[in-house]
Amino acid sequence: MNEEVITKLAKNYCNLEQTLIEELNIDRQSNVSSAEEIWQPVFRRIVPTKFNVEKNVYIIDSHQNVSQKVSLAIYDEQYTPYIFNYGTIKYIPIEAVFAVVLCKNEEDKKGETEGQGAEETWLQSIQKLKTEMNAYVRIQPGVLDTNLESLYKKFEEEKRTYEKQKCSEKSCTVRKPQKQSQTSTRPITILCTAIDNNFEYSEFDLVLKNDKSKLKKMIPNENRSLDKWSDCLNHYCHDRYENKDKLKALADTSEENKSNRTLESLNVGDQNVLLSLMFQLNQLLMLINNPIFFPHESYVKAFKEVISDAGTKKSK
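Residues numbered from 1 in each chain as written. Predicted model: local features only at pLDDT ≥ 70, side-chain atom pairs only at ≥ 80, totals over all residues. Heavy atoms only, no water.

## Brief notes about the packing of aromatic side chains
Remark: the centre distance and the inter-plane angle together describe each pair of aromatic rings, the angle taken between the planes.
Here is step 1 of the chain: Applying the stated criterion across every chain yields a total of 7 aromatic pairs.
Here is step 2 of the chain: With a centroid separation of 4.8 Å and 65 degrees between ring planes, the pair formed by Phe51 and Phe98 is classed as edge-to-face. Of this pair, Phe51 sits in strand S1 (residues 51-60) while Phe98 sits in strand S5 (residues 97-104), placing them 47 residues apart in sequence.
Here is step 3 of the chain: Relative to Tyr299, the ring of Phe294 lies with its centre 4.9 Å away and its plane at 15 degrees, an arrangement referred to as stacked. One exposure class covers both Phe294 and Tyr299, and it is buried.
Here is step 4 of the chain: Chaining the aromatic ring pairs together yields one cluster made of Phe84, Phe294, Tyr299 and Phe303.
Here is step 5 of the chain: Above the plane of the ring of Tyr241 lies Lys130, whose end atom (NZ or CZ) is 5.4 Å from the centre.
Here is step 6 of the chain: The ring centre of Tyr236 lies 5.5 Å from the NZ or CZ of Arg186, which sits over that ring. (Phe/Tyr/Trp six-rings, centres within 6.5 Å; stacked < 30°, edge-to-face > 60°. Helix = DSSP H or I, 4+ residues; strand = E, 2+ residues; numbered from the N terminus. Buried < 20%, exposed > 50% of the residue type's maximum accessible area, 1.4 Å probe, protein only. Lys NZ or Arg CZ within 6 Å of the ring centre and 35° of its normal.)

## Notes on the side chain of Glu36
Here is step 1 of the chain: Its place among the elements puts Glu36 in helix H2 (residues 35-46).
Here is step 2 of the chain: Lacking a salt bridge, the buried Glu36 has Lys69 as its closest oppositely charged neighbour, with an N-O distance of 7.3 Å.
Here is step 3 of the chain: The residues contacting Glu36, other than those within four sequence positions of it, are Lys55, Asn56, Ser71, Leu72 and Cys103. (Lys, Arg positive; Asp, Glu negative; His and termini not counted. Salt bridge = Lys/Arg side-chain N within 4 Å of Asp/Glu carboxyl O. Contact = heavy atoms within 4.5 Å.)

## Some points on the nonpolar core
Here is step 1 of the chain: Counting 41 residues, the largest nonpolar core has Trp39, Phe43, Ile188, Ile190, Leu208, Leu274 and Leu281 as the members making the most contacts within it.
Here is step 2 of the chain: Excluding residues that lie within four positions of it along the chain, Leu208 makes contacts with Trp39, Phe43, Ile190, Leu191, Cys192, Thr193, Lys216, Lys217, Val273 and Leu277.
Here is step 3 of the chain: Counting 22 residues, the second-largest nonpolar core is a separate cluster that includes Ala73, Ile92, Leu129 and Leu191. (Core = buried A, V, L, I, M, F, W, Y, C linked by side-chain atoms within 4.5 Å.)

## Some remarks on the pairing of strand S6 (residues 136-139)
Here is step 1 of the chain: Taken together, the 4 bridges between S6 and strand S7 (residues 142-145) define a ladder with antiparallel strand orientation. Its bridge partner lying in S7, Val137 is registered against Leu144.
Here is step 2 of the chain: Turn length for the S6-S7 hairpin, with the two strands adjacent in sequence and antiparallel, is 2 residues. (Pairing = 2+ DSSP bridges.)

## Quick notes on a nonpolar patch on the surface
Here is step 1 of the chain: There is a patch of nonpolar side chains on the surface, built from Val5, Ile6 and Leu9 and spanning about 240 Å² of accessible area.
Here is step 2 of the chain: As for its placement among the helices and strands, Leu9 is situated in helix H1 (residues 3-28).
Here is step 3 of the chain: Since its relative accessible area comes to 43%, Leu9 is described here as partly exposed. (Patch = residues over 30% accessible without salt bridge, like charges linked within 9 Å, V, L, I, M, F, W, Y side chains within 5 Å. Areas by Shrake-Rupley, 256 points an atom, 1.4 Å probe, with all protein chains shown as cover.)

## Let's talk about the sheet that holds S5
Here is step 1 of the chain: What the 8 strands build is an open sheet, ordered S3-S4-S1-S2-S5-S8-S9-S10; its pairing is mixed. Looking at strand neighbours, the two that pair on one side only are strand S3 (84-86) and strand S10 (215-218), the edges of this open sheet. For this sheet, the mean angle separating the axes of adjacent strands, direction not counted, is 35 degrees.
Here is step 2 of the chain: Taken together, the 3 bridges between S1 and strand S4 (residues 89-93) define a ladder with parallel strand orientation. Paired with Tyr58 across the two strands is Tyr91, which belongs to S4.
Here is step 3 of the chain: Lying over the sheet, helix H7 (residues 273-288) contacts S1, S5, strand S8 (188-193), strand S9 (206-210) and S10, oriented at roughly 30 degrees with respect to S10. (Axes fitted to C-alpha atoms, helices over the stretch in contact; angles between N-to-C directions.)

## Here we look at helix H4 (residues 148-164)
Here is step 1 of the chain: When the terminal C-alpha atoms of H4 are compared, their 24 Å separation across 17 residues agrees well with the 24 Å that a helix rising 1.5 Å per residue should span.
Here is step 2 of the chain: What H4 keeps buried is the set Leu148, Leu151, Phe155, Glu158 and Tyr162. Across the axial projection of H4, the buried residues extend over an arc of 100 degrees, all falling on one side. Residues of H4 that are exposed and point more than 90 degrees away from the buried face comprise Lys153 and Lys164.
Here is step 3 of the chain: Against S7 and helix H6 (244-250) lie the buried residues of H4.
Here is step 4 of the chain: Sitting at the amino-terminal end of H4 is Asn147, which places a side-chain oxygen 3.0 Å from the backbone nitrogen of Glu149. (Expected span 1.5 Å × (residues − 1). Arc of directions from axis to C-beta. Polar contact = N/O pair within 3.5 Å; in protein donor to acceptor, adjacent residues only side chain to side chain.)

So this is what it looks like as structure tokens:
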């Protein structure tokens, strides 16, 4: 790739950014914001085609939790094909969702963004959603049962065998107890805003701010190691679960960083925000890579419980 090509590609993203700013500035003058309509094609250009970018949806889990309305959801249809519909309203299972975007216009200065007086903030409605380990699927070595109890039982058996042999790293032929690369995934949270505020300590993973003449990007944990990013995206908040101790035991996490890689090293520069966003966001998406296998049985159980309760109430 020669210098001229690189220059043209970089300039193309600068031009795209300028067009985006102009559209957002026009939208700010409207009484009804359509910011998600403007941001949707931008994210579609940035993320790989394996992902779909849907606007104005809700996220659900098998524990009967439902999020507040999500401006944009970046999700995977290949591994998790179930999108529940109620008319034109879409409900996407949390297992399929890789990133969620909240679009806030200048007029939308409400407490739900950062939690100032609202019963439940937008972020809290996302953070309460729980993925479930309870799938039965064929992988290359054979059929895999990802039910938490089954995985934990197998892990404990392998652990006892390993410890019984008193294996050392160099000579042991017994395999170490197998841990899981994903136990509780969560989506990357993105705020696209025109609100004048200091988002340096925002709870969002990534903030994109329309500063009228310039797009600004803030990642509060840009210096965090990619290993820590991986842990927080693939093993999120086990304490929310009844079987938290088993999840923690199965989680393939480490206190030590395996590398010094950070998102900051993928920042092209403030003069080209969208190009930096493309590299940094896709790096985070690669850390999740594929969603947790869809837990059919868990969602069936949720539907059965609700239908049964409805039938009981009707009979009364």
